[in-house]
Amino acid sequence: MRKMLFILSSKAGKTEFDINEKDIEKIYNKKDLKENVQIIRTSYENHATDAAKDFIEKYKNFKKTIIVGGGDGSLNEICNVVYENDLANTSLGLLPMGTGNDFSKNFSYKNFKVESLLNLKEKKIDLIKVNDKVGINVLSLGFDTVVLEKAYEYLDKKPSLGKKAYFFGVIKALKSLSYQNLSLTLYDKNYKEIKLEDKFLLSAICNGGYYGSGFNPAPSAKIDDGILNLVYAKKLPNILLPSLIIRYKHGLLENSKYLDEIKVKKGQIKSDEKILANIDGEIFENKIINFEIIENCLSWTYFDM
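Bear in mind the structure is a predicted one, so any value in this text is a computation, not a measurement.

Enquirer: Sorry if this is basic, but what is going on with the overall build of the protein here?
Expert: Of regular secondary structure, the protein possesses six helices and 12 strands. Over its C-alpha atoms the protein spans a radius of gyration of 20 Å, differing by no more than 12% from the 19 Å that the globule rule assigns to 305 residues. Relative to its full complement of 305 residues, the protein shows a buried share of 52%. By element, 47% of the accessible surface of the protein is carried by carbon and sulfur atoms, the whole surface being about 14900 Å². Distance from the positive charge centre (46 side chains) to the negative charge centre (41 side chains) of the protein: 3 Å.

This is the structure in structure tokens:
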């Protein structure tokens, strides 16, 4: 059996999954595999990163798997560690124990039980390169990142809110609605150049189909097709905002004057002012955002249920 590390995030939000160290230990102890399995629960800032780096260094000549017990932010953190240190020998998996758990929606956990941890399979998936980092799910900017920022503020004050924090985040973000002038240079699936310049409410560059605690703006997005689905909303009358949010949430882009989708390989987004954006829920600001798909980049571990 390959070496395995479980990283259980202590900062993960309220979740429907309730798995702890003892549950995992019990499964592997039964099969007499405990010497190959290490479990940690994070107890300080950057603990997950430190543990992943130490594990990769210790077993650098072994095939190994890191399973993240957390949300999209925790997954992004460890994805970057694997990308920077040992893509060849390290696979990554997820126990969705976060608030949004959006990346997990690319897979079915419907029949998951702890015993499923003994039935692991692998497949290659794509990643998104964003400036000097990578992302596994979605790069987004504009209104939805403001919503995320507000939701985090609510969660800091009251972690028990869980997914409800996103609803409150939407309400608060609507009170200070703004648009940003953006210049986009894109290259489609045939590397044909496309240029856009306008005032945008939001843009999402999707590897996976879900983000923002259940929004599904790009239903056709697949994590292993070598394509990024760029969905964007231009400036529109405020009275149309509720219907646009509903359309955006459910990927209803057809016949919309203000919503559109382009399938791309890479691109650059520029603004005269800093762009508020996030990659897998990790918020950042920059005047220039370069992005591209990295095909068949990461070995993904999933559960045969």
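Here the narrative resumes, following the displayed structure.
Enquirer: Is there a simple way to explain the packing of helix α4 (residues 143-157) against helix α5 (residues 164-174) in this structure?
Expert: Relative placement of two packed helices is described by the angle separating their axes and the distance separating the axes. Their axes nearest at 7 Å, the elements α4 and α5 cross at an angle of 120°. One element, α4, and the other, α5, form an angle in the oblique class. Crossing geometry of α4 relative to α5 is assigned as right-handed. When α4 is examined against α5, the residues Phe143, Val146, Val147, Leu148, Lys150, Ala151, Glu153, Tyr154 and Leu155 are found in contact with a partner set consisting of Ala165, Tyr166, Phe168, Gly169, Val170, Lys172, Ala173 and Leu174.

Enquirer: Would you take a moment to explain α5 for this structure?
Expert: Within α5, the full set of buried residues consists of Ala165, Tyr166, Gly169, Val170 and Ala173. Down the axis, α5 shows its buried residues gathered within 145° of arc, on one side only. Projecting away from the buried face of α5 at angles above 90 degrees are the exposed residues Lys164 and Phe167. Looking at the buried positions of α5, the neighbouring elements they touch are α4.

Enquirer: Quick question: what am I supposed to make of the side chain of Ser140 here?
Expert: Note on placement: Ser140 falls in strand β7 (residues 138-142). Polar contacts involving the side chain of Ser140 include one to the side chain of Asp144, which spans 3.3 Å. Apart from the residues within four sequence positions on either side, Ser140 is in contact with Thr145, Ser203, Ala204, Tyr211, Ala277 and Asn278.

Enquirer: Whenever I open this one, unusual backbone geometry confuses me. Can you help?
Expert: With the exception of glycine, most residues fall at negative phi, and the peptide bonds are largely trans. The residue Asp280 is not glycine, and still its phi comes out positive at about 55°. Turning to its location among the elements, Asp280 is positioned in the loop between β11 (259-279) and β12 (282-303). One non-glycine residue, Asn296, lies in the positive phi region at around 45°. With respect to the element layout, Asn296 can be found in strand β12. Looking at Asn296, the relative accessible area reads 47%, which means it is partly exposed.

Definitions and cut-offs
- Residues numbered from 1 in each chain as written.
- Predicted model: local features only at pLDDT ≥ 70, side-chain atom pairs only at ≥ 80, totals over all residues.
- Heavy atoms only, no water.
- Helix = DSSP H or I, 4+ residues; strand = E, 2+ residues; numbered from the N terminus.
- Rg over C-alpha atoms; globule rule 2.2 N^0.38 Å.
- Buried < 20%, exposed > 50% of the residue type's maximum accessible area, 1.4 Å probe, protein only.
- Areas by Shrake-Rupley, 256 points an atom, 1.4 Å probe, with all protein chains shown as cover.
- Lys, Arg positive; Asp, Glu negative; His and termini not counted.
- Charge placed at Lys NZ, Arg CZ, Asp CG, Glu CD.
- Axes fitted to C-alpha atoms, helices over the stretch in contact; angles between N-to-C directions.
- Parallel < 35°, antiparallel > 145°, perpendicular 65-115°, else oblique.
- Left-handed = near helix turned anticlockwise from the far one by under 90°.
- Contact = heavy atoms within 4.5 Å.
- Arc of directions from axis to C-beta.
- Polar contact = N/O pair within 3.5 Å; in protein donor to acceptor, adjacent residues only side chain to side chain.

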